[in-house]
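# Structural overview for review
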Amino acid sequence: MRVGSRFRVRRRFGKREMPMTMEVTELTPPRSWHFHGIDGPVPGDVRGTLEPLGDGSRSRLTLSLDFEGHGVGKALVPLVVKPRARKEMPRNEAHLKELMETSAAR
């Protein structure tokens, strides 16, 4: 993965699945990244930073997530998309933590 790389993600909104393409706009592994949605009715914009704490045995992850609605998606952002993302974020963060800790233990 590098700046300019693109990848597909699938977001679920209730029972509906919405694929979208994300583009890597900034990448400084493993410290920071920025992915920007380039299609779909509600493209996402994700920024992340990872910083070591203390002696490096712990770290702080900071995530920023926003959405850009177009057409009917514009009305969905504040009413549906952002509340749903807030609800899902704790589970997604826990899963990311598990992946990172499992990877670090190897």
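Located above this text is the structure these notes cover.
Note that the coordinates shown come from a computational prediction; the quantities given were computed from them, not determined experimentally. (Residues numbered from 1 in each chain as written. Predicted model: local features only at pLDDT ≥ 70, side-chain atom pairs only at ≥ 80, totals over all residues. Heavy atoms only, no water.)

## Quick notes on the environment of Leu61
Spelled out, the test is: Strands here mean DSSP runs of E at least two residues long; helices mean DSSP runs of H or I at least four residues long; both are numbered from the N terminus. Any residue under 20% of the maximum accessible area for its type is buried, any over 50% is exposed, and the rest in between are partly exposed; the area is computed with a 1.4 Å probe on protein chains only. Throughout, a contact is declared for two residues whenever any of their heavy atoms are within 4.5 Å.
Relative to the assigned elements, Leu61 resides in strand S5 (residues 58–67). Looking at Leu61, the relative accessible area reads 32%, which means it is partly exposed. The residues contacting Leu61, other than those within four sequence positions of it, are Trp33, Thr49, Leu50 and Leu96.

## What about the pairing of S5?
The criterion, for reference: Two strands qualify as a pair provided DSSP detects at least 2 bridges between them.
Bridging between strand S4 (residues 44–53) and S5 involves 10 bridges; their strand directions are antiparallel. Residue Asp45 lies in a different strand from S5, and its bridge partner there is Asp66. Counted along the chain from S4 to the antiparallel partner S5, the turn is 4 residues long, and its residue Gly54 has a positive phi close to 55 degrees.

## Digging into the pairing of S4
Bridging between strand S3 (residues 32–37) and S4 involves 5 bridges; their strand directions are antiparallel. Bridging across to S4, Ser32 finds its partner in Thr49.

## With respect to the side chain of His34
For clarity, the cut-off: For this analysis, a polar contact is any N or O atom pair within 3.5 Å, provided that within protein one partner can donate a hydrogen and the other can accept it, and provided that sequence-adjacent residues contribute only side-chain to side-chain pairs.
Note on placement: His34 falls in strand S3. Take His34: its relative accessible area is 8%, and that puts it in the buried class. Of the polar contacts made by the side chain of His34, one reaches the side chain of Asp45; its length is 2.9 Å.

## Some thoughts on the packing of aromatic side chains
The test is simple: Stacked, tilted and edge-to-face are the three classes assigned to paired rings of Phe, Tyr and Trp, where Trp is represented by its six-membered ring and a pair needs centres within 6.5 Å; plane angles under 30 degrees give stacked, over 60 edge-to-face, the rest tilted.
Applying the stated criterion across every chain yields a total of 1 aromatic pair. An angle of 80 degrees between the planes, with centres 5.1 Å apart, marks the rings of Phe7 and Phe35 as edge-to-face. Of this pair, Phe7 sits in strand S1 (residues 6–13) while Phe35 is found in strand S3, placing the two residues 28 residues apart along the sequence. We classify Phe7 as partly exposed; its relative accessible area is 23%. When its relative accessible area of 16% is taken as the criterion, Phe35 is described as buried.

## Considerations on the environment of Arg60
In this structure, Arg60 sits in strand S5. C-alpha of Arg60 to C-alpha of Leu50: the two residues are 10 residues apart in sequence and 5.7 Å apart in space. Sequence-distant contacts of Arg60, defined by excluding residues within four places in its chain, comprise Thr49, Leu50, Glu51 and Leu53.

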